[in-house]
Amino acid sequence: HTRTDREIQEEAAKNVSLFFGIKNVGVVVTAYTGGLLLEYFTKKTIFLTTAAFPLMLCFAAIILKEPRVVEREAHQRLPEIEHQHENEHHEEDEESRNPISAREHFNQLTTFLGRPEIGAPVLFIFAFMLIPATNDAMFFFYTNELGFKPEFMGRLRLILGIANLMGIYLYNNYLKHVPFKKIFAVSVLICIFCGCTQIMLVTRTNIYFGIPDKMFTLTSGFINQALAEINAMPILVLACRLCPKNIEGSMYAFLMSTMNLGSLISLQVGGLMTSWLGITQRNFDNLWLFILIANVSMAFFLPVLWYIPIKGDPQEEEEEEEDDDPEPPLILFLLSKIC
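Residues numbered from 1 in each chain as written. Predicted model: local features only at pLDDT ≥ 70, side-chain atom pairs only at ≥ 80, totals over all residues. Heavy atoms only, no water.

Colleague: How do you make sense of the overall build of the chain when you look at a structure like this?
Modeller: Within the chain, the regular secondary structure consists of 17 helices and 0 strands. Put simply, the chain has 339 residues, and 37% of those count as buried. Partitioning the intrachain contacts of the chain with sequence separation of at least 6 by distance along the chain shows that 81% fall at a separation of at least 24. With the model as given, the accessible surface of the chain reaches about 20,900 Å², and the carbon-plus-sulfur share is 64%. (Helix = DSSP H or I, 4+ residues; strand = E, 2+ residues; numbered from the N terminus. Buried < 20%, exposed > 50% of the residue type's maximum accessible area, 1.4 Å probe, protein only. Contact = heavy atoms within 4.5 Å. Areas by Shrake-Rupley, 256 points an atom, 1.4 Å probe, with all protein chains shown as cover.)

Here is the structure:
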């Protein structure tokens, strides 16, 4: 039998949660020790130590033996494939034994991205990642204005890593079956509200209410990071579900590269905004305005979200059942939505 959208969603959520969960476990393990080691060793020593780990991965990649698709036995195939027609077995075997060329591979990828239900979500993800980042400005505020030491910054990173794990756990166990548009919209609104609580710290309102800086930073940081992870998980799961057969690796690498490029541009936009608002290492008078702009700008994407076709979304399937017209190319699709 063919897998239902619910089963595909569960598998995608499980794989993404496992990967990023293990990644965040590593962050938690190294977070506090990184800040603590700065109290006893020089920065140069710590950089040399941490540089050894990626080097170990390079050597591990050289000795790693990965079996080719043509060498896999029949019992290694997915269970549902075993129940398909014998002709489909034969076609898949021939396809795996005759891999496509790089040019055909690239053509498949570009053709796939040209489909509205694939290209439109990718463009939306990229645009959403362009929201100005306040990380650098807040780091200088923590260290220069509030006087946080490396040990506390390591403790803060530890709390944020635990918050990431909490967000992954909550999504994978309670939220993975919620439609993408619904969970994304709700999580964005909650993130905007909670993200603006940093304005209280910047304007020193927390002191007025008798809340110490460190306690407020750890508490608000934990909540905001957990919500940010819940907000990011649907995007990562969607990226996993968008990957087609035969070009899964290329498609997922392209999606992750798109997100990383968006994050890089986000940092640059954040740097330009700090300069425009006159925020320096010592002047944080307009930092509250920067935080407000960065958080409120997330809401600008919500109206566009409802026009984005999501592959496998129950709401989209209901609309497709009502409308059997062929799908237009991506450019025509975007123009029709804009007009």
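Colleague: Mind showing me how you'd approach the packing of aromatic side chains here?
Modeller: To describe a pair of aromatic rings, one takes the distance between the centres and the angle between the planes. Summed over all chains, the structure comprises 13 aromatic pairs. Between Phe 128 and Phe 184 the ring centres are 5.0 Å apart and the planes differ by 65°, which places this aromatic pair in the edge-to-face class. Note that Phe 128 is positioned in helix α6 (residues 116-128) and Phe 184 in helix α9 (residues 180-195), a separation of 56 residues in sequence. Neither residue differs from the other here; Phe 128 and Phe 184 are each classed as buried. Pairwise contacts between aromatic rings join Phe 124, Phe 128, Phe 180, Phe 184 and Phe 301 into one cluster. (Phe/Tyr/Trp six-rings, centres within 6.5 Å; stacked < 30°, edge-to-face > 60°.)

Colleague: Explain the nonpolar core here, please?
Modeller: Soluble, globular proteins show a tendency: their nonpolar side chains are buried together. Residues Phe 128, Phe 184, Met 251 and Leu 255 are the most contacted members of the largest nonpolar core, which totals 44 residues. Secondary-structure elements contributing two or more residues to this core are α1 (5-37), α5 (102-113), α6, α8 (150-175), α9, α12 (213-242), α13 (248-276) and α15 (302-305). Counting residues in hydrophobic clusters, the runner-up holds 21 residues, among them Ala 137, Leu 146, Leu 277 and Ile 291. (Core = buried A, V, L, I, M, F, W, Y, C linked by side-chain atoms within 4.5 Å.)

Colleague: Explanation requested: the packing of α6 against α12 in the structure shown.
Modeller: Helix-helix packing is characterised by the crossing angle of the two axes and by the distance between the axes. The contact between α6 and α12 brings their axes to 11 Å, and the two run at 150°. Between α6 and α12, the interaxial angle falls into the category roughly antiparallel. Judged by the sense of rotation from one axis to the other, the crossing of α6 with α12 is left-handed. The residues of α12 that touch α6, namely those facing Glu 117, Ile 118, Pro 121, Val 122, Ile 125 and Phe 128, are Asn 231, Ile 235, Leu 238 and Leu 242. In the contact of α6 with α12, the residues fall into 8 nonpolar, 1 polar and 1 charged. (Axes fitted to C-alpha atoms, helices over the stretch in contact; angles between N-to-C directions. Parallel < 35°, antiparallel > 145°, perpendicular 65-115°, else oblique. Left-handed = near helix turned anticlockwise from the far one by under 90°. Nonpolar A, V, L, I, M, F, W, Y, C, P; charged D, E, K, R; others polar.)

Colleague: I tried to follow the pattern of salt bridges on my own but got confused; where do I start?
Modeller: Oppositely charged side chains can form a pair if their charged atoms are brought close together. Per the counting criterion, the structure on display carries 1 salt bridge. One salt bridge connects Asp 213 with Arg 204, and the closest N-O pair in it is separated by 2.7 Å. Here Asp 213 falls in the buried class, since its relative accessible area comes to 16%. Overall, Arg 204 belongs to the partly exposed group, its relative accessible area being 28%. (Salt bridge = Lys/Arg side-chain N within 4 Å of Asp/Glu carboxyl O.)

No statement about biological role is implied by the geometric values presented.
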